[in-house]
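Chain by chain, the residues run as shown.
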Amino acid sequence: MTEVYILGTGIHPFGRFDKPYEAIGAEAAAAALKDAGVEWRDIQAAYLSRMYLPATSGARILRRLGGTDIPIVDIEAACASGGAALRQAVLAVKSGEVDLVLVCGCEKMPRGFMDPSMIYAPWQIELGMSLNPSYWSMRAMRHMHEYGTTDLQIAKVAYKNHRNSVHNPNAMYQKAFGLEEILESPLVCDPIRRLEICAPNDGAAAVVVASERKMRELGANGIRIAGVAHTIARFSADFRCPADSMSSTVNNEGPTEVTAREAYRKAGLGPSDVNCFEVQDTDAFCEIEIYEELGLCPVGEGGRLIDEGVTEITGKHPVNMSGGLISKGEPVGASHLGQIVEIVSQLRGHAGPRQVEGARVGLAHVLGAGGNCAVTILQA
C-alpha cells in the first residue's frame, strides 16, 4: 500500500464575510493548489466536506477553477466532515485509482446556535436537550464533581487559546483576554461562559494529497499522513454525543478514545510521539477532557495539565497553537481541514510566533453530533 502525503494547503480566514460560499471555498482550493505546485487540471478527484451547504456544493465551488470531468463528491459527517473527506481521499490514493486528490472543506453558517432539527430527534428538542451548551455543561459539571476540576482551570484553557490567537491571522478573534475577564464574562450554561465557547462562522480550508510516486515525480516534499481515522462510537458515556445514550455512571469508551486508538494504531505511534495537537475546543472544558481521552494524562487529571503549563506552545504537549475553535470559530465543514493546515504549518516550521520548536509529528482531532469523531496524525 502506497504512502500518502499532503503536498499543499490553503485556507480562507474564518469569520463572517459578505461573499458567497463558492468564492470562499474556491479561494482556499486555489491556495492549496498553488502551495502544492500543481494545476487544477492535474487533479484526478475531489472531495468537499460540508454540513450546512446545499447539494453539489463541491461542484459549484470547484467549477470556479475551471470545467472538469473528474468525480467531485460532497461528504457530511457533522463536525468530523473534514476528517471523513480526508479519509476518503487517502483510501482513493491507496487503492491506486488516483494519484492526486484535492480535499476542500467549506461552510457558511447561520448565526446563533446550530439548528437542532438537523441533529436531534423531536423528543430531544421538546425536552430542551437540543442546544449544545446544555450538554457541554452537564459533562463539565460531572467532571468537576468526580475529579475536582475547577472554573479557574476551564478559564485557563480559554486564556491560553485566546492568547495564541493573537498570532493567527486566519482566526475570527485575534485578541487576548485576562483570566478575570473570562471568569466575569456572562454564563451561557453553568459553568461555561461566553469567552469559553466557540462561535459558528464562515470559512474554508483545503489540502492536496498525493501518492508517494506522484510526489517524487513532481520533485516535491510532502507531509506524510501517518494515520487518519473516522468513527462513530458504538457506546458513549458522553453527554455531548449521542445525546440519546446519556449515562452519568457507565464508563464506556467515548468517540475520542475509540478514534484516537485507531489513528495511533495506523500511524504506529502513541501520544508521547506527538509534538503538537489541534483539538475540538467547542467549549473550554471540552479541551480538558480531550487531554485525557487522547492519552496525554490519566482520566481526571486534565486540569493539572493546564495548571502546569503542559499544553502551552512551549510545554510538553502543546495544544491549539492556532487559538482553537474558541478563537477561530467553527465553520463545521472546514474545521478539521483548518486544523490540518495549522499542523502542516507547524511541521514545516512556518508557524512564526506560534511555532512549536522541533515539531515532527502533529495530531488533529474533531468531535461532533451523533458520535462522529475524526483524528488525523501527520508526520514530517
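To be clear, the structure that these remarks concern was listed above.
The structure reproduced in this document is the subject of the present report. (Residues numbered from 1 in each chain as written. Predicted model: local features only at pLDDT ≥ 70, side-chain atom pairs only at ≥ 80, totals over all residues. Heavy atoms only, no water.)

Section: the overall build of the protein
- A count of helical and extended segments in the protein gives 13 helices and eleven strands.
- Relative to the globule expectation of 21 Å for 380 residues, the C-alpha radius of gyration of the protein, 19 Å, shows essentially globular dimensions.
- Oriented by its inertia axes, the alpha-carbon framework of the protein measures out at about 55 × 45 × 40 Å.
- Here the protein holds 380 residues, and 60% of them are scored as buried. (Helix = DSSP H or I, 4+ residues; strand = E, 2+ residues; numbered from the N terminus. Rg over C-alpha atoms; globule rule 2.2 N^0.38 Å. Buried < 20%, exposed > 50% of the residue type's maximum accessible area, 1.4 Å probe, protein only.)

A word on unusual backbone geometry
- Between Asp190 and Pro191 the backbone carries a cis peptide bond, its omega angle lying at 10°.
- Along the chain, the position of Pro191 falls in the loop between strand S5 (187-189) and strand S6 (192-193).
- Here the phi dihedral of Asn320 falls at roughly 55°; this positive angle occurs in a residue that is not glycine.
- Tracing the backbone shows Asn320 in the loop between helix H11 (302-307) and helix H12 (324-328).
- Given a relative accessible area of 0%, Asn320 falls into the buried group.

Here we look at the environment of Glu97
- Mapped onto the fold, Glu97 is located in the loop between helix H3 (81-95) and strand S4 (100-108).
- C-alpha separation for the pair Glu97 and Gln44, spaced 53 residues apart in sequence, amounts to 9.1 Å.

Comments concerning the packing of helix H5 (residues 132-147) against helix H10 (residues 284-293)
- Where H5 meets H10, the closest approach of the two axes is 10 Å, and the angle between their N-to-C directions is 60°. Compared by their axis directions, H5 and H10 come out oblique. The chirality of how H5 crosses H10 is left-handed. Counting all contacts with H5, which are made through Arg139, Ala140 and His143, the residues of H10 involved are Phe285, Glu289, Glu292 and Glu293.
- For the contact of H5 with H10, the class distribution of residues is two nonpolar, one polar and four charged. (Axes fitted to C-alpha atoms, helices over the stretch in contact; angles between N-to-C directions. Parallel < 35°, antiparallel > 145°, perpendicular 65-115°, else oblique. Left-handed = near helix turned anticlockwise from the far one by under 90°. Contact = heavy atoms within 4.5 Å. Nonpolar A, V, L, I, M, F, W, Y, C, P; charged D, E, K, R; others polar.)

Describing the packing of aromatic side chains
- Using the criterion set out here, one finds zero aromatic pairs in the structure.
- Across from the ring centre of Phe17, 6.0 Å away, lies the NZ or CZ of Lys19, which sits over that ring. (Phe/Tyr/Trp six-rings, centres within 6.5 Å; stacked < 30°, edge-to-face > 60°. Lys NZ or Arg CZ within 6 Å of the ring centre and 35° of its normal.)

Description of helix H1 (residues 21-36)
- With 16 residues, H1 extends 23 Å from end C-alpha to end C-alpha; this agrees with the ideal 22 Å at 1.5 Å per step.
- Buried within H1 are the following residues: Tyr21, Glu22, Ala23, Ile24, Gly25, Ala26, Ala28, Ala29, Ala32, Leu33 and Ala36.
- Just past H1, the residue Gly37 takes up positive phi, approximately 75°. (Expected span 1.5 Å × (residues − 1).)

Points about the sheet that holds strand S3 (residues 72-75)
- The nine strands are arranged S3-S2-S4-S7-S1-S8-S11-S10-S9 in an open sheet whose pairing can be described as mixed. The open sheet has two free edges, formed respectively by S3 and strand S9 (276-278), since each of these has just one partner strand. Between one strand axis and the next, the sheet turns through 20° on average, direction left out of account.
- Relative to the sheet, H1 contacts strand S1 (4-15), S4 and strand S7 (202-211), its axis offset from that of S1 by approximately 145°. (Pairing = 2+ DSSP bridges.)

Considering the environment of Asp281
- Within the fold, Asp281 resides in the loop between S9 and H10.
- Under the relative-accessibility criterion, Asp281 is labelled buried at 0%.
- Each C-alpha atom, one on Asp281 and one on Leu325, is 5.7 Å from the other, the two residues being 44 residues apart in sequence.
- Discounting residues that sit within four places of it in the chain, Asp281 has contacts with Asn161, Cys198, Glu287, Asn320, Gly323, Gly324, Leu325 and Ile326.

Topic: the side chain of Thr282
- Structurally, Thr282 can be placed in the loop between S9 and H10.
- Taking relative accessible area as the criterion, Thr282 reaches 5% and is therefore assigned buried.
- Not counting residues up to four positions away in its chain, the partners in contact with Thr282 are Trp136, Glu196, Ile197, Cys198, Leu325 and Glu330.

Describing the packing of H3 against helix H13 (residues 332-348)
- Relative orientation of the contacting elements H3 and H13 amounts to 65°, with a least axis distance of 6 Å. Here H13 runs roughly perpendicular to H3, going by the angle between their axes. Contacts between H3 and H13 involve Ser81, Gly82, Gly83 and Leu86 on the former and, on the latter, Gly333, His336, Leu337 and Ile340.
- Classifying every residue of the contact of H3 with H13 gives three nonpolar, five polar and no charged.

Structural notes on the pairing of strand S10 (residues 361-367)
- Counting buried positions along S10 yields seven of seven residues, so the element is predominantly enclosed.
- Every second residue of S10 is oriented toward a common face, with Val361, Leu363, His365 and Leu367 on one face and Gly362, Ala364 and Val366 on the other, all of them buried.
- Sheet topology note: the S9/S10 ladder contains three bridges and is parallel. Across the sheet, Cys276 pairs through a bridge with Gly362, a residue of S10.
- Judged from the seven bridges that link them, S10 and strand S11 (residues 372-379) form a sheet pairing that is antiparallel. Within S11, the position partnered with Val361 by the bridge is Gln379.
- Taken together, S10 and the strand that follows it, S11, pair antiparallel across an intervening segment of four residues, in which Gly370 is found at a positive phi of about 75°.

Observations regarding the pattern of salt bridges
- The tally for this structure, following the rule as stated, stands at 22 salt bridges.
- The partner of Arg265 in a salt bridge is Glu262, with the nearest N and O atoms 2.8 Å apart. Here Arg265 pairs with Glu262, and both are found in helix H9 (residues 255-267), just three residues apart, close to one helical turn.
- According to the relative accessible area criterion, Arg265 is exposed, its value standing at 56%.
- For the salt bridge of Glu278 with Lys328, the shortest nitrogen-to-oxygen distance reads 3.8 Å. On the criterion of sequence distance, the pair formed by Glu278 in strand S9 and Lys328 in helix H12 is long-range, its members being 50 residues apart. (Salt bridge = Lys/Arg side-chain N within 4 Å of Asp/Glu carboxyl O.)

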